[in-house]
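Given next are the chains, with one letter for each unit.
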Amino acid sequence: MNFWGFKISETRSINYDANERGMAERMEQEAPSSKLCIGCGGCTAGCTAGALTEFNIRRLQMLAKRGEEREARERLGRCMLCGKCLLVCPRGVETRKMILSMMNYIKNNPK
Amino acid sequence: MKGTVIIIGGGPAGCEAAHQLAEKGCRVHLVEKNNETGGNLNNWYQLFPDRKEAESVRGYLRRRVSRPGVEFHAGTEPRTTSRRPQGGFAVELTDGSLVEGDALLVATGFRTFDAARKEEYGYGIYENVITSVELENLFANHEVRTSRGETPRRVGIIHCVGSRDEKVCNYHCSKVCCVTGVKQAIELREMLPEAEVFCFYMDMRMFGPGYEEMYREAQERHNIKFVRGRLSEAAENQEKQLQIKVEDTLVGRPLRMTLDLMVLLVGMEASEGSRKMASALGLELAPNGFIRPADPHWGTNLTGADGVFVAGSCTAPMSLTDTLADARSAADSITEYLDAKESREP
Amino acid sequence: MKLEGKEQIWKDYQKEIADDRYYYARSCIRQTFFPGSEWAYLDILRNRLGKDVMDDPRHTTCTGIGYHSDVVPAQTIMTVVARHFALMTEAGYENITPSCITSFGIYTEILETWAHHPEVEEQVREYLWKATGREFKKPRNLAHTSDIIYKFRGEIAARARHRLVDAHTGRPLRGVDHIGCHYAKMFPSKGIGGAEFPAVLSGMITAWGGEAVDYPERRHCCGFGFRQYLVMANRGYSVANSKKKFESMRPYEPDFIVANCPGCAMFLDKWQYTISEMEGTTYGANGYGIPVLTYEELAGLVLGYDPWELGLQMHQVAVEPLLDKMGVAYDPEAKYLTRDGKEMGRPKCPTYLKV
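Numbers given for residues are sequential positions, taken from 1 along each chain in its written order. Written order decides the labels, with chains lettered from A and ligands numbered from 1. The predicted nature of this model means local features are confined to residues of pLDDT at least 70 and side-chain atom pairs, given and counted, to a pLDDT of 80 or more, with totals for whole chains, interfaces and linings taken over all residues. With hydrogens and water excluded, all non-hydrogen atoms of the structure serve as input to the side-chain values.

What follows covers the overall build of chain B. If you tally the helices and strands in chain B, you get 7 helices and 20 strands. C-alpha atoms define the radius of gyration in this analysis, and the globule rule sets the expected value at 2.2 Å times the number of residues to the power 0.38. By the compact-globule yardstick of 20 Å for 346 residues, chain B fits well, its C-alpha radius of gyration being 22 Å. With the principal axes as the frame, chain B shows a C-alpha extent of 75 × 35 × 35 Å. Residue exposure (1.4 Å probe, protein chains only): buried if accessible area is under 20% of the type maximum, exposed if over 50%, otherwise partly exposed. Burial analysis of chain B (346 residues in total) assigns 60% to the buried set. Residues are treated as being in contact if the distance between any of their heavy atoms lies within 4.5 Å. Across chain B, contacts joining residues at least 24 apart in sequence account for 66% of those joining residues at least 6 apart. Here the accessible surface of atoms and residues is derived via Shrake-Rupley with a 1.4 Å probe, and residues count as covered only by protein chains that are part of the display. Counting every atom, chain B has about 14,000 Å² of accessible surface; 47% of that belongs to carbon and sulfur. Asp and Glu are treated as the negative residues and Lys and Arg as the positive ones, with His and the ends of the chain left uncounted. A single reference atom marks each charge: NZ on Lys, CZ on Arg, CG on Asp, CD on Glu. For chain B, the distance from the average position of its 42 positive side-chain charges to the average position of its 50 negative side-chain charges is 2 Å. Put simply, DSSP marks the helices as runs of H or I at least four residues long and the strands as runs of E at least two long, and each gets a number from the N terminus on.

Take the packing of helix α4 (residues 177-191) of chain B against helix α5 (residues 211-220) of chain B next. Packed helices, taken two at a time, are described by the angle their axes make and the gap between the axes. Residue and element names in this part refer to chain B. Helix axes are fitted to C-alpha atoms over the stretch in contact, other axes to C-alpha atoms as well, and angles between N-to-C directions run from 0 to 180 degrees. Relative to each other, α4 and α5 sit at 35°, their axes nearing to 10 Å. Where α4 crosses over α5, the handedness of that crossing is left-handed. Along its contact with α4, which presents Val 179, Val 182, Lys 183 and Ile 186, the element α5 presents Tyr 211, Met 214, Tyr 215, Glu 217 and Ala 218. Following the grouping adopted for this structure description, the nonpolar residues are Ala, Val, Leu, Ile, Met, Phe, Trp, Tyr, Cys and Pro, the charged ones are Asp, Glu, Lys and Arg, and the polar ones are all others, Gly among them. The residue inventory of the contact of α4 with α5, partitioned by class, reads 7 nonpolar, no polar and 2 charged. Crossing chirality is assigned from the near helix's rotation relative to the far helix, an anticlockwise turn below a right angle marking it left-handed and a clockwise turn marking it right-handed.

Moving on: the nonpolar core. If you look at the biggest cluster of nonpolar residues, it comprises 124 residues, and the most contacted ones within it are A:Met102, B:Ile7, B:Ile244 and B:Met262. Note that the domain bounds reflect an automated or database-derived domain assignment. Residues lining this core come from more than one domain, with at least three contributed by each of domain 1 (4-109 + 271-344) and domain 2 (115-267) of chain B. The residues touching B:Met262, leaving out its near neighbours within four places in the chain, are B:Tyr121, B:Asn128, B:Val129, B:Ile130, B:Gly156, B:Ile158, B:Leu231, B:Ala234, B:Leu242 and B:Ile244. Judged by nonpolar contacts, the second largest core, of 105 residues, contains C:Leu87, C:Val124, C:Ala143 and C:Met326. Definition used in this section: a nonpolar core is a set of buried Ala, Val, Leu, Ile, Met, Phe, Trp, Tyr and Cys residues joined via side-chain atoms within 4.5 Å.

Residue and element names in this part refer to chain B. We note that the domain assignment places domain 1 (4-109 + 271-344) and domain 2 (115-267) within chain B. The distance between the C-alpha centroids of domain 1 and domain 2 comes to 32 Å. Taken together, the contact between domain 1 and domain 2 spans 14 residues of the former and 21 residues of the latter. The quantity reported as buried area is the accessible area (1.4 Å probe) lost by two parts once they are put together, taken as the sum for both. Counting the surface lost from both domain 1 and domain 2, the interface buries some 1,500 Å², and carbon and sulfur atoms represent 64% of this. It is Tyr 45, Phe 48 and Arg 51 in domain 1 that bury the most area against domain 2; as a group they hold 42% of the surface buried on that side. Any carboxyl oxygen of Asp or Glu within 4 Å of a side-chain nitrogen of Lys or Arg constitutes a salt bridge here. There are 2 salt bridges connecting domain 1 and domain 2. Here a polar contact is recorded for every N or O atom pair within 3.5 Å, except that within protein the pair must consist of a potential hydrogen donor and a potential acceptor, and residues adjacent in sequence are included only if both atoms are side-chain atoms. Linking domain 1 to domain 2 there are 5 residue pairs in polar contact (both at pLDDT 80 or more). The residue inventory of the side of domain 1 that touches domain 2, partitioned by class, reads 8 nonpolar, 4 polar and 2 charged.

Once that is clear, we can look at the interface of chain B and chain A. Of the residues lining the interface, 23 residues belong to chain B; the matching set on chain A comes to 22 residues. Summing the contributions of chain B and of chain A, the shared interface buries around 2,100 Å²; its carbon and sulfur component is 45%. When residues of chain B are sorted by the area they lose upon contact with chain A, B:Leu250, B:Val251 and B:Arg253 head the list and together hold 29% of the total. Along the contact surface separating chain B from chain A lie 5 salt bridges. Remark: the boundary between chain B and chain A carries 18 residue pairs in polar contact (both at pLDDT 80 or more). Of all the secondary structure elements, the ones that give two or more residues to the side of chain B that touches chain A are β13 (196-201), α5, β14 (225-228) and β17 (253-259) of chain B. In terms of residues, the side of chain B that touches chain A owes the most to one element, β17(B), which gives 6 residues. Each residue belonging to the side of chain B that touches chain A can be placed in one class, and the counts come to 10 nonpolar, 4 polar and 9 charged. Where strand β1 (residues 14-15) of chain A meets β17(B), 2 bridges bridge the pair, whose relative direction is parallel. Bridged to A:Asn15 within β17(B) is B:Arg256. Between any two strands, pairing holds if DSSP finds at least two bridges.

With that settled, the discussion passes to unusual backbone geometry. Residue and element names in this part refer to chain B. The linkage connecting Phe 48 with the following residue, Pro 49, adopts the cis geometry, with an omega of -5°. Here Pro 49 lies in the loop between β3 (46-47) and β4 (52-53). One non-glycine residue with positive phi stands out, namely Arg 164, at about 50°. Note on placement: Arg 164 falls in the loop between β12 (154-161) and α4. In the Ramachandran plot, Asn 223 falls in the positive-phi region, its phi being about 55° despite a non-glycine side chain. Tracing the chain through its elements places Asn 223 in the loop between α5 and β14.

Residue and element names in this part refer to chain B. Positionally, Asn 301 belongs in the loop between α6 (272-281) and β20 (308-310). Since its relative accessible area comes to 2%, Asn 301 is described here as buried. Looking at Asn 301, its side chain comes within polar contact range of the side chain of Asp 326, at 3.2 Å. In contact with Asn 301, other than residues within four places in its own chain, are Val 308, Phe 309, Val 310, Ala 311, Asp 326, Ser 329, Ala 330 and Ser 333.

Moving on: helix α6 (residues 101-116) of chain C. To estimate how far a helix should reach, multiply one less than its number of residues by 1.5 Å. Compared with the 22 Å implied by 1.5 Å per residue over 16 residues, the 22 Å span of α6(C) between its first and last C-alpha is a close match. Taken residue by residue, α6(C) has C:Ile101, C:Thr102, C:Ser103, C:Phe104, C:Gly105, C:Ile106, C:Tyr107, C:Thr108, C:Ile110, C:Leu111 and C:Trp114 as its buried positions.

Moving on, we come to empty space enclosed by the protein. Residues and elements named next belong to chain A. Here the term cavity refers to a set of points on a 1 Å grid, laid over the protein atoms alone, in which a 1.4 Å probe fits but cannot get out; the term pocket refers to an open set having protein on both sides within 12 Å along at least five of seven lines, with lining residues being those that place an atom within 4 Å of a point. Grid points are joined across faces, edges and corners, and a volume is the space filled by probe spheres set on the points. Using the criterion set out here, one finds 5 cavities of 30 Å³ or more in the structure. There is about 130 Å³ of room inside the largest cavity. For the largest cavity, the lining is made up of 15 residues, of which Cys 37, Cys 43, Gln 61, Cys 89 and Val 93 are closest to its centre. A class-by-class count of the residues in the lining of the largest cavity yields 9 nonpolar, 4 polar and 2 charged.

Time to look at the packing of aromatic side chains. Only rings of Phe, Tyr and Trp enter the pairing, Trp through its six-membered ring, and a pair is recorded when the two centres are within 6.5 Å. The plane angle decides the type: under 30 degrees is stacked, over 60 is edge-to-face, the rest tilted. Counted by the stated rule, this structure contains 24 aromatic pairs over all chains. Ring plane angle 85° and centroid distance 5.7 Å describe the contact between C:Trp39 and C:Tyr305, whose orientation is recorded as edge-to-face. Residue C:Trp39 is found in helix α3 (residues 37-48), and its partner C:Tyr305 is found in the loop between α15 (295-303) and α16 (320-326); the two are separated by 266 residues along the sequence. Look at C:Trp39 and you get partly exposed, because its relative accessible area is 34%. Its relative accessible area of 7% is what places C:Tyr305 among the buried residues. Where C:Phe85 meets C:Phe136, the ring centres are 6.0 Å apart and the plane angle is 45°; that geometry is what we call tilted. You can see C:Phe85 sitting in helix α5 (residues 74-90) and its partner C:Phe136 sitting in the loop between α7 (118-132) and β4 (141-142), a full 51 residues away along the chain. Among the aromatic residues, those joined into a cluster by ring pairs are A:Trp4, A:Phe6, C:Phe224, C:Phe226, C:Tyr229, C:Phe267, C:Trp271 and C:Tyr273. Any Lys NZ or Arg CZ found within 6 Å of a ring centre and within 35 degrees of that ring's normal is scored as a charge over the ring. When the ring centre of B:Phe207 is taken as reference, the NZ or CZ atom of B:Lys175 above it lies at 5.1 Å. Positioned over the ring face of C:Phe34 is C:Lys270, at 5.9 Å from the centre of the ring.

Quick look at the structure:
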């Protein structure tokens, strides 16, 4: 029993040294254009799912690149693959390919 | 002959202006405190955006001034600067000689920010923190290693060191560091193909021709990782690596990692020479310490002082491209001034 | 690390510290957690170094804890501090030396505020006059008591009975310093060595023969905060900061921690117990913790004071491993005896932390 009334908080910091980056590597290989993202948020602004849920494709793929996969595992399924993000991206990131590469990775590496 | 012009500073601006003025029939005294021309360019290995060897531009500048009409005063600087009673200027140099001219061009350039002033980055204390200028020197010697002689596996490039930072009293953007960072990141990846290279930036200011394209290339071809976040603190661990704390602002979470080598993109500040000339000639300084030209639109080479002109990065941080163009424009302003003076005088 | 670089910074961050005639301002909490520290400070200054220190029973809390917890307004704390200045002035002193880092930060901030806003100072003078009929002169010199010990570190070294050296092997003992945030983070120029490479405590460590450890999380806050540790629900992120520091310093195998802030010293000491109970982790050798000392306790050990006279039995983390290394003689049987030889009661034995 915890008689202290509190627990030691876990850090919110991304620990890049400790993180596995399997998802990021898969994304890099299958959708190399994903490296061109500059975080403008054009993809997220018009996202069908993002307007109604916590799904944020910009942040989710950036977190994956730092080895933080949780958000992708929890929320990627909300993507409707409509392609609006692909249409808008000023850097030509093949966003659907990028999303599918993450989905494939999750399928092959269940937690 | 149109007249005589004294140019203070033998960097790119001074050399280019000297050539242009001589070409237009002026006599030029080119005064340089170092023994050779080139100024800050002498510390560079390759240039953005085309990766040209800096040495080729240095050669170009040397050729520009090795010509009739340009007298090069090397290894000396002004001791006193005064106006002659009959008009024009008399400059007594530290080597004892006196040069006189009808107009004076200040081309005293910039100095790089002293990185030790950002104490929290540990420059001069941590073994594997270097400046972008020192990295150029490593490139020139074709070897980048850690203090222990190992090949770095992760390198971080820190943008805006001494720029856009109230804490060091520099509000201004030094303009060229972003693209220098991109260029150096690419050079690092070419030299150390196994290494991960990160750039930590506040904004990527890719203002020049080919710069944005270079940034894309850095991401796509060289897999350089750009993280938007300012370095808060670096510390050295037992392995002499740097443990850094930034916020990855685009995901909204603190990010920590270790680096084998940390490169500080040091910004530009007004040089000592600029400050001295400004005080000797009564030139107005902008709040950032650079010399304020007469007008930011049409008078960029003019000053409030009659017969005193400015060129290059003594007025603001400037790329080499812009510096050379600014020098040509200054030469035009000076010949215009000398022509007008000639037509006024009988 | 390159020492020359640090020495350059240390040169830039020196401050004026008065030589004698100090008005002492005690901390609210130190006498509870580290009961020998303030006594040792007064004894060292008065009886070893021959200094004049005024320990005034009339002075009160500065109300800093209340201020930082949003229950005391700025005008109130400024008036309370103005009263301390008035007591100092009335006693004929000009140099104020608070024992607490929170107080030091508050005094510094208030003096700075008054320097920039004389109208605020005028208002506070009026408040003080109306409330107490007192007037004051601003102190000529403000220094934290760790600044004073730093200033006399050489004199203390010259009188040392024990050095910070392993008496058996001759190895310099490794000391971690922890500087309270409000010592220099708000006003780096008011701290010896500044905020990034502070020298006030590491200077003592090296002067007394030890080796100062500069580990990655050296500058990190201990997590004390004010409303943070006061509210139980918030303590989780308070303690997590101390844990971060322990994890970061552990590879350096420090022999002790020295702190100059009442809250930090208490936290770094007591949280080692809390973390051990919650997670089973201990940070010293062989299941012990890392002993945490105040700078007065450290100076006291160096000068040969009896550890139980210094109140080291009141620490959570056992100090005996450090005493053994320094070759300090102590009577284990006397640890929990009062000065007149009575049992003072004994703490319960922790589950994991060896004491």
